[in-house]
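Letter by letter, the chains look like this.
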Amino acid sequence: MNDMRLQESRSLLRVFTCGSVDDGKSTLIGRLLFDTDNVPDDQRTALLWDSKRYGTNGTEVDYALLVDGLEAEREQGITIDVAYRFVATRRRKFIIADTPGHEQYTRNMATGASNAEVAVLLIDATQGLQPQTRRHAAIADLLGIRTIVLAINKIDLICYSQSRFMEIASMFHDFAAKFHFSSITPIPLSARHGDNVVWRSANMPWYDGPTILEHLESIEPERAEVGPFRLPVQWVNRPDASFRGYAGTIASGTVRPGDSVVISGSGRVTKVARIVAADGDRNTARAGDAVTLTIADAIDISRGDVIASSDSRPEVADQFAADLIWMDAADLLPGRPYLFRIGTATVSGVVSRIKHKLDIDHLEHLAADRLSLNEIGAVNVALASPVSFDPYEANRRMGAFIVIDRVTNTTAGAGMIRFPLRRANNIHRQAVTIRSTDRVARNRHRPAILWFTGLSGAGKSTIANLLEARLHAAGAHTYLLDGDNIRHGLNRDLGFTDADRVENIRRVAEVAKLFADAGLIVLVSFISPFRAERQMARELVEPGIFHEVFVDTPIEVCRSRDPKGLYRKADAGQIRNFTGIDSAYESPEDPEFWLRTVDSAPEALVDSLYGELAPAIGLEDSP
Amino acid sequence: MYLTEHASDLDVLEAEGIEIIREAAASFRKPVMLYSIGKDSSVMLHLARKAFYPAKLPFPLLHIDTGWKFREMILHRDATVKQLGLDLIVRTNTEAAANGINPFDHAASVYTQVMKTEALKSALDEFSFDAAFGGARRDEEKSRAKERIFSIRNARHGWDPKSQRPELWNLFNPALAPGQTMRVFPLSNWTEVDIWSYIAREKINVVPLYFAKPRPVVERNGQLLMVDDHRFRLLSNETPKLRSVRFRTLGCYPLTAAIESTASTLEAIISEMAHSRLSERQGRLIDHDDTAAMEKKKREGYF
């Protein structure tokens, strides 16, 4: 069946499988591979040998062993991670993402579903619909899967009962009515014995529908080329001054030379000049093609821009509503800066609000101030700059995004954009006449933000106070933002949870930015325990303005100084979430100024700090 | 209007490969393409040239030469580099070679670790490449089926299969901590069948060893070993015989077995494969230690 072909072409379908732990997913895929002759002889031999060593079926062949790849998995008899398998027949090549049903199921399922057009949802006929079945259907729906194959497995164990099969299928139909599936096809099968997988079963004369394979071969894949033209620019191809091409993969629609297109973002309109390819220019290209276009006008286009149909344009916004799946062990906190990858653009941004999280077992909405691993939330996202997108249901490639943790670099979340938020669009920035350069000329020094970070009792406020007095004496315009003082006013509504600490720093960073814009030297004295927020504060302003000052005092020294008696209380359990005790402090890795307080007196530290700072901001001592 | 005909599976795979290559070129400071001269490398190189046409490749190629490659492989490599105007770096673990590490006296696992894995690691470090393209496919071997397309390596180039990043849509995460590097696999979703069909469709030149012709071989432990040069050590009872053979996979010559075949054209190879009952890596003696051999090698930094 695995015929080779030179001329004739076959299509490709991406499928993913899901179901509870013992529903037989790996067995089904192993069986599909085996019965379509996609398993070579030496691997068949290894299978027989492995079945004896690791198999869970006694003396029978354990087809699951064909797909359980890693050593650890074979020993434990479970599937740890998403695996990709290939089944080829005359008509079609299938890429099958095999996603495990146990722990991490949300994360793994979302991964498998993200590129799939069809979900094969397994149900154990002896068990019927399980809570896991509901979860899997909900996640498939969220990820935009519209075609469901309901593989009702282990039918041999219920004596090939038609009535039980019909009952399960009908229960699923009722349950799935609230989702957006366009087709649900129930198929009775036994993966272990091969009934209705590739070969029609003689055990179920009452069933005249297709086998799993027949059905998968006949499904019509989704047709992204029907939508409006979208090309997220991946790479600017500029071998020499005479050629400038824009390369990327078409996310939807078709394109021809002469088509009118808009460069989303700048809003400039131009025409497509050529579709360049190694074997000669093409006269058309469509969704899914990796192309290089040239355009008629010299317009500045870079990676992250989208070339789009000029009469059907994508959204351009810096805020949007989305569903977000959290995949990281560290919680998502609103206000904490992350990197967002949308199309070919990468921008920093925050989740500005969690509207609710989804209780996936009951499909209910719960209030939440954070998202933990494998939780799903409806959120608002605010980005540092606008991006081009379409809603996820209109176009997956234009509406999907991932969230990257800026410190650990992990892929922490995956999101689906639902709609743009207009807030930011309707508030246009007011152009001002007096600019920061004018203020610099008046002040005789450049603005700066000196961000003092360190443990409670490290000496931040003492040093910041001394430095401010010194700067003031030199004629500089200064302002000191002190953590404790701000918490009595602007931030009086915030507590000390991680989420509130993030918001605390965000507000202070914004205030510091305004003061710096006003030309001041701003001294910020805040514990600010997390790297990500300090990084966010740094990136709010032009390079060269933000200076991180690490007041480095070991916790034992802070504890023994204990100027406000806080360590005593925290050690006695009277204060919770105290930095350094039951809440983390992430030391700066590369601060502009590193003050080690155990070696020097505060006055000496301020002397050297001032000595370096003054020339850096163009400050000369007043006569 | 829209087109009525579906894209073929090869069109889809080609576009996916090109997208991955462009994405890595745009995301990393200093990428390099591992070039092993074989059919998969040839397809990967072809995709890269399409991805950046009319420009040249924006990264160099790197070949780890163990000194035990078939002579025809080296000829093919040099001809390809010249014909296409490629920037090729060749590196060998010369110290180990001088110390006499060779595939006859040393176990396949030791030889592979020293001459391939160590040589690769030191070449990546020498140029401080932060990403390397490889032609590995998920269908080759079980542990590869779970590897990401953008697959992260620690500072010692090791792979940790249990802490892989989730990989969704076409949104790859290129972020690296200091010392980490990335392996990028544009052919992840290709099978051996796809590779040959694509080579035929695109008329890509490959090493002649893939095509059957009479070659001097000895039969040892059920494997057909080709006597490529005078360094091949014959056992006392062995005499090379001319037999019509070809290779399904190419590696170091005494460690890669040939198969008996008369398939001397692409059409014949493809037809032979349709009836073949053995897997591709079956001729790779280095995989045979035990079922989890590949997973172990990859943890140690094998590509």
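Counting of residues starts from 1 at the beginning of each chain's written sequence and follows it residue by residue. To label them, take the chains in the order written and letter them from A, then take the ligands in the order written and number them from 1. Since the coordinates come from a predicted model, pLDDT governs what is reported: local features require at least 70, and pairs of side-chain atoms require 80 or more to be given and counted, while whole-chain, interface and lining totals use all residues. Heavy atoms throughout the structure, all of them, feed into the side-chain values; hydrogens and water do not.

With that settled, the discussion passes to the overall build of chain B. Elements are defined by DSSP. Helices are runs of H or I of four residues or more, strands are runs of E of two residues or more, and each kind is numbered from the N terminus. In terms of regular secondary structure, chain B is built from eight helices and ten strands. In this description, contact between two residues means that some pair of their heavy atoms is separated by no more than 4.5 Å. In chain B, 73% of the contacts between residues at least 6 apart in sequence involve partners at least 24 apart. Accessible area for chain B stands at about 11700 Å²; split by element, carbon and sulfur atoms hold 52% of it. Computed with the Shrake-Rupley method and a 1.4 Å probe, the accessible areas treat only the protein chains shown as cover for residues.

To continue, consider helix α17 (residues 602-616) of chain A. All names here are of chain A. What a helix is expected to span follows from its residue count: subtract one and scale by 1.5 Å. Here α17 is 15 residues long and its end C-alpha atoms lie 21 Å apart, about the 21 Å a rise of 1.5 Å per residue gives. If you follow the buried residues of α17, they end up packed against β23 (448-453), α11 (460-473), β26 (546-552) and β27 (593-596). With its phi angle positive at about 70°, Gly 618 sits one or two positions after the end of α17.

This brings us to the sheet that holds strand β3 (residues 92-98) of chain A. All names here are of chain A. What the six strands build is an open sheet, ordered β2-β3-β1-β4-β5-β6; its pairing is mixed. This sheet does not close on itself; its edge strands, each paired only once, are β2 (83-88) and β6 (183-188). Taking the axes of each pair of neighbouring strands and ignoring which way they run, one obtains an average angle of 25° across the sheet. In this analysis, strands are considered paired if DSSP registers two or more bridges between them. Bridge analysis of strand β5 (residues 147-153) against β6 gives six bridges, and the strand direction is parallel. Looking across to β6, one finds that Val 149 is bridged to Thr 185. In the packing of helix α4 (residues 105-114) onto the sheet, contacts are made with β1 (11-18), β2 and β3, and the angle to β1 comes to roughly 165°. With axes taken as lines fitted to C-alpha atoms, and helix axes fitted only over the stretch in contact, angles between N-to-C directions fall between 0 and 180 degrees.

Residues and elements named next belong to chain B. Across the sheet, four strands lie side by side as β8-β7-β9-β10; this open sheet has antiparallel pairing. At either margin of the open sheet sits one strand with a lone partner, and together these are β8 (223-226) and β10 (259-260). Where strand β7 (residues 213-220) lies against β8, four bridges are found, and the strand directions are antiparallel. Of the residues in β8, the one forming a bridge with Arg 220 is Gln 223.

Turning our eyes to something else, we now look at the domain arrangement of chain A. Think of interface size as the accessible area that goes away when the parts come together; that is how it is often given. Domain boundaries in chain A define domain 1 (2-218), domain 2 (225-309), domain 3 (315-420) and domain 4 (436-616). For every domain, the bounds stem from an assignment made automatically or drawn from a database. A C-alpha centroid distance of 57 Å is found between domain 1 of chain A and domain 4 of chain A.

Moving on, we come to the confidence of the model for chain A. Residues and elements named next belong to chain A. pLDDT is a per-residue confidence score from the predictor, ranging from 0 to 100. Looking at chain A, pLDDT values average 87 and 92% of them are 70 or higher. Of all the helices and strands in chain A, helix α9 (residues 423-426) carries the lowest mean pLDDT, 51, while strand β21 (residues 400-404) carries the highest, 98. Here residues 1-7 is a poorly scored stretch, pLDDT under 50, and it has 30 contacts once near neighbours within four places are set aside; other chains count.

A few words on the side chain of Arg 230 of chain A. Residue and element names in this part refer to chain A. You can see Arg 230 is positioned in strand β7 (residues 230-232). Throughout, exposure labels follow a simple rule: accessible area from a 1.4 Å probe, protein chains only, divided by the maximum for the residue type, with under 20% read as buried, over 50% as exposed, and the rest as partly exposed. Arg 230 sits in the buried class, given a relative accessible area of 2%. Polar contact is defined as a pair of N or O atoms within 3.5 Å, subject to the rule that within protein one atom must be able to donate a hydrogen and the other to accept it, and that residues adjacent in sequence are counted only when both atoms are side-chain atoms. Within the structure, Arg 230 has its side chain in polar contact with the side chain of Asp 390 (distance 2.7 Å).

In this structure, the amide linkage connecting Tyr 53 of chain B to the following residue, Pro 54 of chain B, adopts the cis form with an omega of 0°. Tracing the sequence through the fold places Pro 54 of chain B in the loop between α2 (39-52) and β2 (61-64).

Chain A puts 86 residues into the contact, and the matching count from chain B is 72 residues. Within this document, salt bridges are pairs made up of a side-chain nitrogen of Lys or Arg and a carboxyl oxygen of Asp or Glu, the two lying within 4 Å of each other. Here chain A is connected to chain B by six salt bridges. The closest approach of N and O atoms between Glu 16 of chain B and Arg 14 of chain A, which form a salt bridge, is 3.0 Å. Linking chain A to chain B there are 23 residue pairs in polar contact (both at pLDDT 80 or more). In terms of residue count, the dominant contributor to the side of chain A that touches chain B is helix α2 (residues 41-54) of chain A (six residues).

By convention here, two paired aromatic rings are described through the distance between centres and the angle between planes. Any pair of Phe, Tyr and Trp rings, taking the six-membered ring for Trp, is counted once the centres come within 6.5 Å. Such a pair is stacked with planes under 30 degrees apart, edge-to-face with planes over 60 apart, and tilted for the rest. One pass over the structure, following the stated rule, counts 25 aromatic pairs over all chains. Aromatic pair Phe 127 of chain B and Phe 129 of chain B: ring centres 5.2 Å apart, planes at 25°, arrangement stacked. Residue Phe 127 of chain B shares its accessibility class with Phe 129 of chain B, and that shared class is buried. Pairwise contacts between aromatic rings join Phe 172, Phe 175, Phe 179 and Phe 181 of chain A into one cluster. Placement of a positive charge over a ring is assigned whenever Lys NZ or Arg CZ falls within 6 Å of the ring centre and within 35 degrees of the normal to the ring plane. Between the NZ or CZ atom of Arg 231 of chain B and the centre of the ring of Trp 68 of chain B, over which it lies, the distance is 3.9 Å.

Let us look at the packing of helix α13 (residues 498-517) of chain A against helix α14 (residues 531-540) of chain A. All names here are of chain A. Look at α13 against α14: their axes get within 9 Å of each other, and the N-to-C directions meet at 20°. Relative to α14, the element α13 lies roughly parallel. Considering how the two elements wind past one another, α13 and α14 form a crossing that is right-handed. Together, Val 502, Ile 505, Arg 506, Ala 509, Glu 510 and Lys 513 of α13 and Glu 533, Met 536, Ala 537 and Leu 540 of α14 make up the contact between the two elements. With respect to orientation, any angle under 35 degrees is reported as roughly parallel, any angle over 145 as roughly antiparallel, any angle of 65 to 115 as roughly perpendicular, and every other angle as oblique. Handedness of a crossing is defined here by the sense of rotation of the near helix relative to the far one, left-handed for an anticlockwise turn of less than a right angle and right-handed for a clockwise turn.

Our focus in this paragraph is the pattern of salt bridges. When the charged atoms of two side chains with opposite charge come close together, those side chains can pair. The final tally for this structure, using the stated rule, is 51 salt bridges over all chains. Between Arg 230 of chain A and Asp 390 of chain A there is a salt bridge, with the nearest N and O atoms lying 2.7 Å from each other. Of this pair, Arg 230 of chain A sits in strand β7 while Asp 390 of chain A sits in the loop between β20 (376-389) and α8 (396-399), and the two are 160 residues apart along the sequence. On the accessibility criterion, Asp 390 of chain A (9% relative accessible area) is buried. A salt bridge links Arg 243 of chain B to Glu 260 of chain B, with the nearest nitrogen and oxygen atoms 2.7 Å apart. In this pair, Arg 243 of chain B is assigned in strand β9 (residues 241-246) and Glu 260 of chain B in strand β10, connecting sequence segments 17 residues apart. Residue Arg 243 of chain B is classed as partly exposed on the basis of its relative accessible area of 25%. Classification of Glu 260 of chain B as partly exposed rests on a relative accessible area of 46%. Counted as one network, the salt bridges with shared partners bring together Asp 11, Glu 14, Lys 50, Arg 201 and Glu 202 of chain B.

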